[in-house]
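Residues per chain are reported as follows:
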Amino acid sequence: MNEIINAFFEAIHLLVTLDPEVMEITLRTLYISITSTVIAALIAVPVGGYIHFRRFRGKRTIINIIQTLYSMPTVLIGLLVFLLISNQGPLGNLHLLFTPGGMIMGQTLLVLPIITGFTILALSGVKDEIRDLSLSLGASEFQSIKTIMHEAKYALLGALILGFGRAISEVGVAMMIGGNIRGYTRVITTTMSLETSKGNVELSIALGIILLIIALLINLGLNYVQEK
Amino acid sequence: MNEIINAFFEAIHLLVTLDPEVMEITLRTLYISITSTVIAALIAVPVGGYIHFRRFRGKRTIINIIQTLYSMPTVLIGLLVFLLISNQGPLGNLHLLFTPGGMIMGQTLLVLPIITGFTILALSGVKDEIRDLSLSLGASEFQSIKTIMHEAKYALLGALILGFGRAISEVGVAMMIGGNIRGYTRVITTTMSLETSKGNVELSIALGIILLIIALLINLGLNYVQEK
Amino acid sequence: MNLLEIQNLSKEYDGKKVLEDINLYLKKGSTLGLIGPTGCGKTTLLRIIDLIETPSSGKIIFNGLEIPKNKKDQMDIRRKMGMVYQKPIVFKGTVYDNICYGLKIRGENKEEYQDKIKDLLESLGLEGYETRDASTLSGGETQRMALARALITAPELLLLDEPTANLDPQSTEKIEKFLEQLRETGKTTVIIATHNLIQGQHLSDEIAILNKKIFQIGEPEEVFRKPKNRFVAEFVGVKNVKKGISSKVEDNLTVINTGNIKVYATSTLEGDVYLSIRPEEITLSRSEVRTSALNEFNGEIKEIRDSGGILDLKIDVGEVFSIYMTQKSFADMELTIGSNVWLQFKASAVNIFEV
Amino acid sequence: MNLLEIQNLSKEYDGKKVLEDINLYLKKGSTLGLIGPTGCGKTTLLRIIDLIETPSSGKIIFNGLEIPKNKKDQMDIRRKMGMVYQKPIVFKGTVYDNICYGLKIRGENKEEYQDKIKDLLESLGLEGYETRDASTLSGGETQRMALARALITAPELLLLDEPTANLDPQSTEKIEKFLEQLRETGKTTVIIATHNLIQGQHLSDEIAILNKKIFQIGEPEEVFRKPKNRFVAEFVGVKNVKKGISSKVEDNLTVINTGNIKVYATSTLEGDVYLSIRPEEITLSRSEVRTSALNEFNGEIKEIRDSGGILDLKIDVGEVFSIYMTQKSFADMELTIGSNVWLQFKASAVNIFEV
Amino acid sequence: GQKQTLKIATTTSLEDTGLLPVLEAAFEKQNPNIDVQFIAAGTGQALEYGKKGDVDLVMVHSKTQEEQFIKDGYGTQRYVFAYNYFYIVGPASDPAQINGTNATEAFSKISAAGAANPDQVKFVSRGDNSGTNTREIQLWNKSGANYNTTVQGQSWYIESGKGMGDTLNIANEKSAYTLSDSGTYLAYKGNITLVPYVTQGKDLLNVYSMIPVNPEKFSNVNYNASMKWVDFVLSTEGQTIVGNYGKEKYGQQLFIPLAGQPEPTK
Ligand SMILES: Nc1ncnc2c1ncn2[C@@H]1O[C@H](COP(=O)(O)OP(=O)(O)OP(=O)(O)O)[C@@H](O)[C@H]1O
Ligand SMILES: Nc1ncnc2c1ncn2[C@@H]1O[C@H](COP(=O)(O)OP(=O)(O)OP(=O)(O)O)[C@@H](O)[C@H]1O
Ligand SMILES: [Mg+2]
Ligand SMILES: [Mg+2]
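If you're wondering where the values come from, they're calculated on a predicted model, not measured in any experiment. (Residues numbered from 1 in each chain as written. Chains lettered and ligands numbered in written order. Predicted model: local features only at pLDDT ≥ 70, side-chain atom pairs only at ≥ 80, totals over all residues. Heavy atoms only, no water.)

Relative to chain D, chain C is turned by 179° and slid 0.0 Å along the rotation axis, the superposed coordinates differing by an RMSD of 0.2 Å. Both copies of the chain, as the preceding transformation shows, are related through a two-fold rotation axis. When C-alpha positions in chain C are compared against the rotation axis, the closest is assigned to Ala165 of chain C, at 2.6 Å. When the interface residues of chain C are mapped onto chain D, 96% of them are again interface residues, pointing to one common binding face. (Least-squares fit on C-alpha atoms with pLDDT ≥ 70 in both. Contact = heavy atoms within 4.5 Å.)

With that settled, the discussion passes to the interface of chain B and chain A. Note: interface size is frequently given as the accessible area lost on complex formation between the parts. Listed by partner, the interface residues are 51 residues for chain B and 52 residues for chain A. Taken over both partners, the interface formed by chain B and chain A buries close to 4,300 Å², and the fraction arising from carbon and sulfur atoms is 76%. The tally of links from chain B across to chain A stands at 0 salt bridges. Summed over the shared surface of chain B and chain A, the result is 6 residue pairs in polar contact (both at pLDDT 80 or more). Contributions of two or more residues to the side of chain B that touches chain A are made by helix 1 (2-16), helix 3 (59-68), helix 4 (74-85), helix 5 (100-124), helix 8 (153-169), helix 10 (188-198) and helix 11 (201-227) of chain B. Ranked by residues supplied to the side of chain B that touches chain A, first place goes to helix 11 of chain B with 12 residues. Here the residues of the side of chain B that touches chain A are counted per class, giving 32 nonpolar, 16 polar and 3 charged. (Buried area = accessible area lost by both parts, 1.4 Å probe. Salt bridge = Lys/Arg side-chain N within 4 Å of Asp/Glu carboxyl O. Polar contact = N/O pair within 3.5 Å; in protein donor to acceptor, adjacent residues only side chain to side chain. Helix = DSSP H or I, 4+ residues; strand = E, 2+ residues; numbered from the N terminus. Nonpolar A, V, L, I, M, F, W, Y, C, P; charged D, E, K, R; others polar.)

What follows deals with the coordination of the magnesium ion (ligand 3). Thr43 of chain C (OG1) and Gln86 of chain C (OE1) make up the full set of protein donors to the magnesium ion (ligand 3), lying at 1.9 to 2.1 Å. With Thr43 of chain C in helix 1 (residues 42-49) and Gln86 of chain C in the loop between strand 6 (81-84) and helix 3 (95-105), this pair connects stretches of sequence that are 43 residues apart. (Donors = N, O, S within 2.8 Å, 3.2 Å for Na, K, Ca; no water.)

Taken as rigid bodies, chain B and chain A are interconverted by a rotation of 180° and an axial shift of 0.0 Å, the fit giving an RMSD of 0.1 Å. When you check the interface residues of chain B against chain A, 100% turn up at the interface there too, and the contact is symmetric in its surfaces.

This part takes up the side chain of Thr37 of chain B. Checked against the element boundaries, Thr37 of chain B lands in helix 2 (residues 20-53). When residues no more than four places from it in sequence are discounted, the contact partners of Thr37 of chain B are Ile115, Leu160, Gly163, Phe164 and Ala167 of chain B.

Throughout the structure, instances matching the rule amount to 37 salt bridges over all chains. For Asp132 of chain B, the salt bridge identified is with Arg47 of chain D, shortest N-O distance 2.9 Å. Placement of the pair is Asp132 of chain B in helix 6 (residues 128-136) and Arg47 of chain D in helix 1 (residues 42-49), with the two residues belonging to separate chains. Lys302 of chain D is paired through a salt bridge with Glu300 of chain D; the nearest N and O atoms lie 3.4 Å apart. According to the relative accessible area criterion, Lys302 of chain D is partly exposed, its value standing at 45%. (Buried < 20%, exposed > 50% of the residue type's maximum accessible area, 1.4 Å probe, protein only.)

This brings us to a nonpolar patch on the surface. Together, Ile34, Val38, Ile39, Leu42, Ile43 and Val47 of chain A make up a nonpolar patch on the protein surface, roughly 470 Å² of accessible area in all. Along the chain, Ile34 of chain A turns up in helix 2 (residues 20-53). (Patch = residues over 30% accessible without salt bridge, like charges linked within 9 Å, V, L, I, M, F, W, Y side chains within 5 Å. Areas by Shrake-Rupley, 256 points an atom, 1.4 Å probe, with all protein chains shown as cover.)

Residues and elements named next belong to chain C. Its domain assignment divides chain C into domain 1 (2-234) and domain 2 (241-354). Here the C-alpha centroids of domain 1 and domain 2 sit 39 Å apart. Each partner contributes to the roughly 620 Å² buried at the junction of domain 1 and domain 2, and carbon and sulfur atoms together form 51% of this total. At the junction of domain 1 and domain 2, the tally comes to 0 salt bridges. Linking domain 1 to domain 2 there are 0 residue pairs in polar contact (both at pLDDT 80 or more). Contributions of two or more residues to the side of domain 1 that touches domain 2 are made by helix 8 (220-225) and helix 9 (230-235). Here the side of domain 1 that touches domain 2 is composed, by residue class, of 3 nonpolar, 1 polar and 4 charged. (Domains from an automatic or database assignment.)

All names here are of chain A. Axis separation between helix 8 (residues 153-169) and helix 11 (residues 201-227) bottoms out at 11 Å; the angle between their running directions is 160°. Judged by the angle between their axes, helix 8 and helix 11 are roughly antiparallel. Viewed along their axes, helix 8 and helix 11 form a crossing whose handedness is right-handed. Between helix 8 and helix 11, the residues in contact are Lys153, Tyr154, Leu157, Ile161, Phe164 and Ile168 and Leu211, Ala215, Ile218, Asn219, Leu222, Asn223, Gln226 and Glu227, respectively. Looking at the contact of helix 8 with helix 11 residue by residue, the classes come out as 9 nonpolar, 3 polar and 2 charged. (Axes fitted to C-alpha atoms, helices over the stretch in contact; angles between N-to-C directions. Parallel < 35°, antiparallel > 145°, perpendicular 65-115°, else oblique. Left-handed = near helix turned anticlockwise from the far one by under 90°.)

Now for the interface of chain C and chain D. At the interface, 47 residues of chain C touch 47 residues of chain D. Both faces combined, the contact of chain C with chain D buries some 3,700 Å², and carbon together with sulfur accounts for 49% of it. The interface formed by chain C and chain D contains 0 salt bridges. The tally of links between chain C and chain D comes to 7 residue pairs in polar contact (both at pLDDT 80 or more). Looking at the side of chain C that touches chain D, the elements with two or more residues in it are helix 5 (139-151), helix 6 (169-185), helix 7 (197-203), helix 8, helix 9, strand 16 (295-307), strand 18 (320-326) and helix 10 (327-332) of chain C. In terms of residue count, helix 6 of chain C provides more of the side of chain C that touches chain D than any other element does, 5 residues in total. Split into classes, the residues belonging to the side of chain C that touches chain D amount to 9 nonpolar, 21 polar and 17 charged.

Take a look at the structure:
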């Protein structure tokens with residue numbers, strides 16, 4: 001287990017010395033996973049809200065499908081997005097393959113069902129009576145939804161944190177769509193994979209620790225923002 | 001996009017012909033991910049309950065840490081468990097490395113924080129008044145917790161489905177701890193990775209589709225059970 | 001002009017009718033008391049009027065216009081109403097946050113309302129509660145906060161669902177005073193659902209007795225004095241309701257045989273009827289007296305109940321009658337359980353209605 | 001024997017006292033009415049007694065034993081109690097599921113309780129509601145279901161928080177009958193928190209007037225007739241409360257100068273006092289009469305209010321007095337607003353208490 | 001001029017050696033307007049990227065697959081630039097006693113000993129159609145065994161379905177033999193106890209090549225840059241870098257330069 005202790009010191013070393021390559025990878029990781037989470041949230045929260053608030057046939061089925069997509073393997077998303085944006089694919093002329101943009105697209109798709117599903121769950125935790133009350137007090141449909149979201153803010157925050165966690169920790173999409181290109185699409189998880197396959201276990205663990213530290217800071221930040 | 005259509009037919013073909021290798025891998029996948037989810041749930045639900053119901057210093061911190069662990073990369077879990085159970089490691093003499101048992105251990109660890117975190121969230125969705133009411137009607141602490149769980153059953157089910165989805169779709173732990181050994185530790189996601197690296201995109205997607213079909217069936221089953 | 005009209009409105013839940021053929025016309029500035037027993041559909045009707053619930057059939061006309069289907073237009077109408085729910089629901093946040101909700105939603109500048117908020121809180125006995133976490137309020141405090149929350153936007157139509165159910169008499173009186181003032185300004189039209197007859201009577205220009213259907217609607221006086229049917233009679237607390245067979249004696253005088261006694265009444269109704277006599281119409285004496293009252297019966301005091309200073313006596317003269325009496329007369333007449341007494345009431349005091 | 005004793009109990013929230021130095025002794029089988037205005041701490045006290053909330057200080061003794069610290073032991077005691085909450089909270093599921101909760105928890109065989117459940121539902125007017133989704137019940141229905149839920153396990157101590165706040169008079173009467181029967185069996189000790197004085201009075205052997213502290217505790221008769229202080233007097237609805245300075249006239253007779261009139265009272269209290277006269281102790285005549293009553297005043301009718309058959313007149317004789325009168329006497333005397341009248345009451349009818 | 005990119009798909013084992021960034025740095029110094037991007041993937045996947053025109057050049061070490069790639073018109077030509085040898089490695093106890101043999105002998109000994117004593121003698125295969133795996137299968141067939149009937153599926157024969165590094169780890173954990181490229185083995189040497197037994201010979205020859213993707217097939221590929229890269233790697237400077245790489249880090253040369261020479265045969 002010495003490796004773990006060494007890895008810990010290595011992580012600290014990389015952080016305090018502001019190792020330029022680690023910094024660069026870390027910033028890119030943050031940029032990609034935060035962007036994906038934000039885009040996914042911008043889609044998922046309204047969609048989840050729509051599904052929660054409307055009554056329609058097949059609602060249960062849609063929820064089941066969304067929940068099924070929690071099981072979407074990153075490799076599968078990677079492959080599907082690859083087929084979509086590769087040179088021959090329908091979106092080939094956007095030239096997104098092996099770019100951060102493509103990674104964002106893939107991670108957004110990965111995170112979308114999770115945030116949607118948990119938005120629905122968060123909203124169903126709020127009693128119908130709150131909706132009635134807000135409408136009654138003159139809220140538009142949209143305002144009442146905002147009110148309900150506000151009542152459900154803890155749970156929604158949980159969904160966001162979960163989505164972010166999924167995005168920042170995944171490696172399948174980043175590898176397949178990003179290609180792990182040094183200086184361009186390399187992120188923490190793909191670096192970890194690479195270093196692991198090179199046999200650099202300690203460095204890999206150190207990078208993992210750095211990733212978790214970042215995630216912790218992001219969570220603390222989110223919590224702080226929503227307490228206000 | 002022809003590949004996707006082909007992959008779809010291939011998936012159906014593999015399913016209806018009961019391709020023996022695919023069946024074997026599928027059953028193993030189910031066995032490992034269900035076992036991991038169940039073990040994780042057996043730990044996470046009481047732990048989450050404990051954290052939710054007790055007031056103690058540092059509770060907020062613990063929740064933050066749990067939420068941070070949503071971001072745990074599978075590669076990191078893989079590495080840590082690897083160091084733990086490899087020949088030289090502290091648990092080396094259990095000989096769990098490259099066995100399904102080791103994979104279960106890794107996936108359990110992966111899923112644990114997610115189920116714990118969402119158990120806490122699910123429980124906080126239930127009003128305190130329900131707890132007071134059940135105590136008032138003579139419930140023991142334990143019974144009142146059961147009652148609250150019952151009130152939160154939709155959200156708890158969501159947490160389980162999420163945990164299961166994470167376990168069945170992950171590949172890092174399965175690769176690193178299981179070793180993707182044919183006929184022994186090979187599961188759907190590791191097969192997908194392998195076939196992808198061989199360039200067999202269609203087969204890989206077909207396997208992904210099979211995985212999603214299984215996940216759908218499991219979700220429907222869980223929903224059915226809890227409606228009763 | 002009618003602010004609100006409801007025509008042939010019905011509501012079903014799972015095939016079970018809970019409101020049937022409701023018709024209501026509500027003048028601008030008037031107050032309607034919606035009175036009925038628990039489960040009679042009061043809350044449901046208010047929710048339908050507030051456009052929160054949709055009726056199974058029927059029409060609602062607000063300010064001369066039928067309620068549009070469009071959500072946005074419905075909201076515009078709803079913004080002219082305010083509703084206070086029976087269940088004490090609060091938004092997360094402080095009392096102040098809760099009260100300002102309607103303003104925020106309408107994009108009003110909260111700052112301009114500081115005085116109004118203060119006044120409202122004060123007149124509802126909640127001064128200084130602004131920063132309290134709303135979820136920790138007591139039952140009655142919550143109810144008063146809910147009233148302030150609905151009133152801050154000065155609604156044209158105010159819907160109140162049991163607004164004083166959780167309040168003590170003092171607070172109730174305060175709220176009633178408040179509502180009476182509101183009524184006097186003539187600006188706010190109010191519907192107040194209550195099971196409290198006295199309250200309904202005090203606060204309303206008209207009352208509607210509801211039990212799935214509207215059984216009677218009219219000025220309180222009229223409904224109380226002349227219940228149209230047995231349900232209303234029993235509900236408005238007309239005591240002494242008896243069933244009997246009425247036969248004509250002369251023009252405008254009938255005798256009703258209850259099976260046990262015969263009661264004279266000025267009425268033309270024949271056949272199966274209900275009769276009632278208001279307790280305060282009955283006089284009581286220790287010996288037989290010859291009066292102009294056509295009805296005189298001898299019996300015994302069975303029960304004595306103290307209802308806040310006034311005594312309620314049950315006297316069995318073949319049928320059991322309730323009569324009211326002050327504590328003082330009771331003492332003066334040296335009555336007690338078992339005392340033999342005589343009851344007298346006029347034929348014209350007997351109220352007759354169809355079965 | 002006392003089932004429950006509470007000694008020097010206090011409760012603070014965020015440094016704000018909501019209960020202060022509460023002392024209560026409750027005999028087995030007796031019923032205590034806990035009466036007070038909204039926010040006075042009724043709910044808090046009941047929750048403390050039910051061991052749901054912990055007091056900031058003080059002792060609770062149940063069945064002779066001080067409440068143990070241990071959760072398990074607390075539960076054993078709590079299982080001997082039943083509480084009906086003011087807020088209508090239901091468990092997910094049907095009415096039947098809700099009612100059986102206490103049985104399930106205690107490992108009782110539900111089958112054995114089928115008859116009891118049926119009886120309970122019936123006597124609470126909820127027959128046939130077994131399979132209804134509990135969350136769709138109306139306000140009053142929920143309250144009755146909650147009562148059934150608490151009663152099914154036959155608690156030794158029953159805690160009721162505003163049990164009829166959402167109920168109409170008919171249903172209230174049913175529940176009151178029910179509670180009276182319970183009381184007659186002498187098996188169940190009951191604490192009933194209510195802001196409804198009449199109810200508290202009807203149902204209780206003793207009543208406690210609460211407002212953070214207990215202001216007075218005693219038999220209803222005593223509390224109503226002889227309020228110990230102004231708070232109680234006002235709260236129990238003693239009308240005609242006036243402040244004045246009392247000076248001795250002779251042994252056991254004082255005269256109280258209110259500044260506007262002088263009132264004679266049989267009392268020995270001197271200095272600043274409050275006086276009250278119950279409305280039904282005051283007689284009214286159209287002309288001056290010479291009676292043995294020491295107090296006679298001339299004035300004018302200012303207001304007439306109909307409280308369910310009995311009239312409440314406000315007469316200004318320098319001070320405004322309330323008096324009660326039947327509709328009939330009122331008509332017989334041909335009174336109206338502005339009529340000049342005389343009021344008489346005995347010195348012994350005047351109640352005096354300290355400021 | 002405007003900055004162009006040169007996308008090169010490569011096998012993971014080649015990337016793992018760490019040679020590529022060194023070449024890249026030198027190349028970009030000479031061609032400041034070209035940004036070289038390496039995408040590491042399995043051999044099949046790397047070729048798949050080429051087949052779709054998603055990359056400009058592939059760098060692999062699997063001759064048969066490469067020839068098929070060119071035959072199908074996806075690539076223009078094979079430019080070999082270096083070679084080394086695969087290593088047959090195994091546990092220090094050497095239960096199949098392959099020390100001192102050549103590749104085919106070693107494989108036939110392993111299959112015989114594995115069949116006789118599957119608990120003691122094991123072989124871990126990558127089983128991933130990579131260049132290494134392709135060579136391994138060729139060796140089994142050449143050693144007299146029939147890969148399909150007497151090797152694959154046998155209890156002593158473990159298919160890892162993973163990259164070289166992980167496969168070495170599994171072999172190490174299971175005290176098994178395996179076939180590894182020299183670069184990965186040297187990188188892992190510190191963490192594992194496996195010993196190289198056979199490291200030379202024609203059968204173990206591992207030739208690395210570059211294939212530009214066919215610009216006639218995919219108009220978007222940067223053939224120009226590809227050829228600049230090819231020229232650079234085959235230049236004296238490029239070949240010096242290749243030849244010296246590893247001396248510092250592993251104390252030995254990892255690649256033998258091959259520019260302008262015919263493919264070695266032993
Ligand atoms: N969602 C629902 N599904 C089924 N039945 C319902 C639903 N909502 C209300 N009801 C039933 O409709 C009837 C009328 O309910 P409503 O809440 O309007 O009564 P209410 O007059 O307000 O009674 P209370 O005075 O007890 O509050 C009740 O019998 C109630 O059980
Ligand atoms: N959790 C809390 N935090 C702060 N204050 C509280 C809390 N719970 C109750 N209070 C305050 O304590 C006082 C007593 O509350 P309680 O609910 O006991 O009143 P109550 O007598 O039951 O009133 P009501 O008749 O309105 O239900 C109120 O002023 C209330 O606002
Ligand atoms: Mg209601
Ligand atoms: Mg209360």
